[in-house]
Amino acid sequence: MTKRVLINGMLTVLCACLLACGAHTDDTTVEAQDVTPVSGTPEPDKSASPEPTAVPTPTPEPTPEPTPEPKPFTMLWIADTQNYAYMSDEGLKSIVDYALDAKDELNIIAVLHSGDVVENNAKDSEWEKIKKDFEPLRGNIPFYCVCGNHDLGHRTGISTVRTHGYGQYFKYDLCDVRAEEQRYNNGECWYQFLEEQQLLLVGIGWPLEEEDPARLEWLDRVLDAYAAYPALILTHNYLYNNGLLSTGGMKLEREVVSRHANVRLLLCGHHKGIRRLQQTYEDGSRTFTAVMYNLQLDKTNGTGYCTLLTFDPIARSVSFTSYSPYFDDYNYLSKSDRETFVLENAF
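Here is what the cut-offs are and how they apply
- Residues numbered from 1 in each chain as written.
- Predicted model: local features only at pLDDT ≥ 70, side-chain atom pairs only at ≥ 80, totals over all residues.
- Heavy atoms only, no water.
- Buried < 20%, exposed > 50% of the residue type's maximum accessible area, 1.4 Å probe, protein only.
- Helix = DSSP H or I, 4+ residues; strand = E, 2+ residues; numbered from the N terminus.
- Pairing = 2+ DSSP bridges.
- Contact = heavy atoms within 4.5 Å.
- 1 Å grid on protein atoms, 1.4 Å probe; cavity = no way out; pocket = protein on both sides within 12 Å on 5 of 7 lines; lining within 4 Å.
- Points joined across faces, edges and corners; volume = space filled by probe spheres on them.
- Nonpolar A, V, L, I, M, F, W, Y, C, P; charged D, E, K, R; others polar.
- Axes fitted to C-alpha atoms, helices over the stretch in contact; angles between N-to-C directions.
- Core = buried A, V, L, I, M, F, W, Y, C linked by side-chain atoms within 4.5 Å.
- Salt bridge = Lys/Arg side-chain N within 4 Å of Asp/Glu carboxyl O.

**Q** What am I meant to see in the pairing of strand 1 (residues 73-78) here?
**A** Strand residues, when the strand is regular, have side chains that alternate between the two faces of the sheet. When you tally the buried positions in strand 1, you get 6 out of 6 residues, the bulk of the element. Of the two faces of strand 1, both are covered, the one formed by Phe-73, Met-75 and Trp-77 as well as the one formed by Thr-74, Leu-76 and Ile-78. Two strands pair when backbone bridges link them, and strand 1 and strand 2 (residues 108-113) are joined in this way by 5 bridges, in the parallel orientation. Across the sheet, Trp-77 pairs through a bridge with Leu-112, a residue of strand 2.

So, in structure tokens, the structure goes:
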């Protein structure tokens with residue numbers, strides 16, 4: 001019994017030693033596994049799928065704006081207002097009011113005056129009256145005018161206009177062409193290029209001299225510089241009241257109109273009546289039209305008439321019609337094709 005107890009005690013001691021040795025070995029292994037090398041890049045985990053690269057969303061191309069079609073535009077033309085300068089000016093006031101009221105509806109881009117603004121250039125009262133009538137246009141609708149013989153003197157002769165000169169006309173400064181490079185001799189002649197409408201306006205005032213080479217050279221330079229654009233000439237004297245070229249008209253036709261292929265239209269007054277003359281140049285390839293409108297002889301029934309020119313940039317046509325806002329009446333001559341007509345391929 002004592003011997004069995006002894007053997008059991010020895011086995012118990014032996015098991016304890018073996019357990020102690022096993023625990024020591026495990027501790028050494030754990031310590032060895034805890035030592036991690038300082039250098040070296042760990043191997044990537046090849047089992048993981050890479051994140052896909054995001055594809056940027058393309059910026060949509062802007063939709064181009066369609067090119068707007070050019071709109072028809074209107075010029076309102078007045079001739080020989082000298083009666084209004086010394087008589088009642090209600091007719092002229094009605095024209096100016098109408099131009100302002102109809103500006104947006106008709107797309108009125110300019111008011112034109114072909115000369116003889118007043119009856120007697122020496123009377124400041126006439127100039128003051130007419131200037132006051134046209135003043136509402138300032139800053140609203142451009143006003144372009146030329147000088148007539150009555151704006152220089154009471155008579156037509158060259159000696160009279162040379163004596164009085166352009167002093168009064170320049171003093172009242174009605175024409176809206178201000179740039180010095182656009183004027184000859186301070187405004188005796190002028191030009192205005194209408195960029196949006198691609199149209200050239202040229203004003204030719206009453207000459208002070210029978211021959212003026214410098215004036216002709218200036219006009220040649222302007223018309224040559226803008227040869228790619230149709231030109232409208234505003235002048236006082238071109239046609240007689242029988243529709244034929246006046247003496248001044250023959251000179252202007254010879255020196256300017258026949259020499260420049262871009263000149264397509266001319267507006268004038270001076271002689272009384274309503275006339276139109278069409279001519280062709282360059283073997284028929286260019287049509288030129290001169291129109292005269294002057295109702296000053298009829299101081300009662302001719303009151304307040306003006307001419308509306310409506311330009312169609314697509315058809316290249318110009319529609320003419322006369323209208324008196326004073327009488328609210330179209331065509332001084334009833335049903336007249338002299339006043340209401342269309343010029344095809346006119347600019």
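**Q** Would you mind showing me how to read the environment of Val-146 here?
**A** Tracing the sequence through the fold places Val-146 in the loop between strand 3 (143-145) and helix 6 (158-164). Each C-alpha atom of the pair Val-146 and Thr-235 lies 6.3 Å from the other, and the pair is 89 residues apart in sequence. Sequence-distant contacts of Val-146, that is, excluding residues within four places in its chain, are made with His-113, Ser-114, Gly-115, Asp-151, Tyr-169, Trp-190, Gly-203, Ile-204, Gly-205, Leu-234, Thr-235 and His-236.

**Q** Got a minute to help me understand the layout of surface pockets in this structure?
**A** Once rolled over the atoms, a probe with the size of a water molecule shows which space is left empty. Here the largest pocket defines a volume of roughly 630 Å³. Taken together, 30 residues form the lining of the largest pocket, with Pro-207, Glu-209, Glu-210, Gly-248 and Lys-251 sitting closest to its centre. At the level of elements, helix 6, helix 8 (213-225) and helix 9 (247-255) are the ones that each hand at least two residues to the lining of the largest pocket. A total of 5 residues in the lining of the largest pocket trace back to one element, the largest contributor, which is helix 9. Across the lining of the largest pocket, the residue classes break down as 12 nonpolar, 11 polar and 7 charged. When its volume is computed, the second largest pocket comes out at roughly 290 Å³. Around the second largest pocket sit 24 residues that line it, and Asn-83, Tyr-84, Asp-298, Gly-302 and Thr-303 are the ones nearest its centre. Among the secondary structure elements, those contributing two or more residues to the lining of the second largest pocket are strand 1, helix 2 (82-86), helix 3 (90-101) and strand 10 (286-294).

**Q** Sorry, what's going on with the sheet that holds strand 8 (residues 263-268) here?
**A** In sheet architecture, strand pairing relies on hydrogen bonds along the backbone and comes in two forms, parallel and antiparallel. Pairing is mixed in the open sheet, where 7 strands are placed in the order 4-5-6-7-8-10-9. Whereas interior strands pair on both sides, the edge strands pair on one side only; in this sheet they are strand 4 (183-184) and strand 9 (273-281). Both strand 4 and strand 5 (residues 189-194) contribute to a ladder of 2 bridges, which runs antiparallel. Paired with Arg-183 across the strands is Trp-190, a residue of strand 5. Packing against the sheet, helix 8 makes contact with strand 4, strand 5, strand 6 (199-204), strand 7 (231-235) and strand 8, and its axis sits at approximately 175 degrees to strand 6.

**Q** Whenever I open this one, empty space enclosed by the protein confuses me. Can you help?
**A** Counting across every chain of the model gives 3 cavities of 30 Å³ or more. Of the pockets and cavities examined, the largest cavity occupies roughly 60 Å³. Around the largest cavity, the lining residues are Lys-131, Phe-134, Glu-135, Leu-137, Arg-138, Phe-143, Leu-174 and Asp-176. A per-class count over the lining of the largest cavity returns 4 nonpolar, no polar and 4 charged.

**Q** So what exactly am I meant to see when it comes to the nonpolar core here?
**A** Side chains that are nonpolar tend, in soluble globular proteins, to be buried together. The biggest cluster of nonpolar side chains holds 65 residues, and the ones touching the most others in it are Met-75, Leu-76, Leu-112, Tyr-144, Leu-267, Phe-311 and Phe-320. Those residues within four positions of Leu-267 in sequence are excluded, and the remaining contacts are Trp-77, Leu-112, Ser-114, Leu-232, Ile-233, Leu-234, Thr-235, Val-291, Leu-309 and Phe-320. Counting residues in each nonpolar core, the second largest holds 27 residues, with Tyr-184, Leu-219, Ile-233 and Ala-290 among its members.

**Q** Explain the pattern of salt bridges here, please?
**A** Pairing is possible between side chains that carry opposite charge, provided their charged atoms lie close to one another. Counted under the stated rule, the structure contains 12 salt bridges. Residue Asp-173 is joined to Arg-178 by a salt bridge in which the shortest nitrogen-to-oxygen separation is 3.4 Å. Taking the relative accessible area as the measure of exposure, Asp-173 reaches 34% and is therefore partly exposed. For Arg-286, the salt bridge identified is with Glu-282, shortest N-O distance 2.7 Å. Residues participating in the shared-partner salt-bridge network are Arg-138, Asp-173, Asp-176 and Arg-178.

Read these as geometric descriptors, not functional statements.
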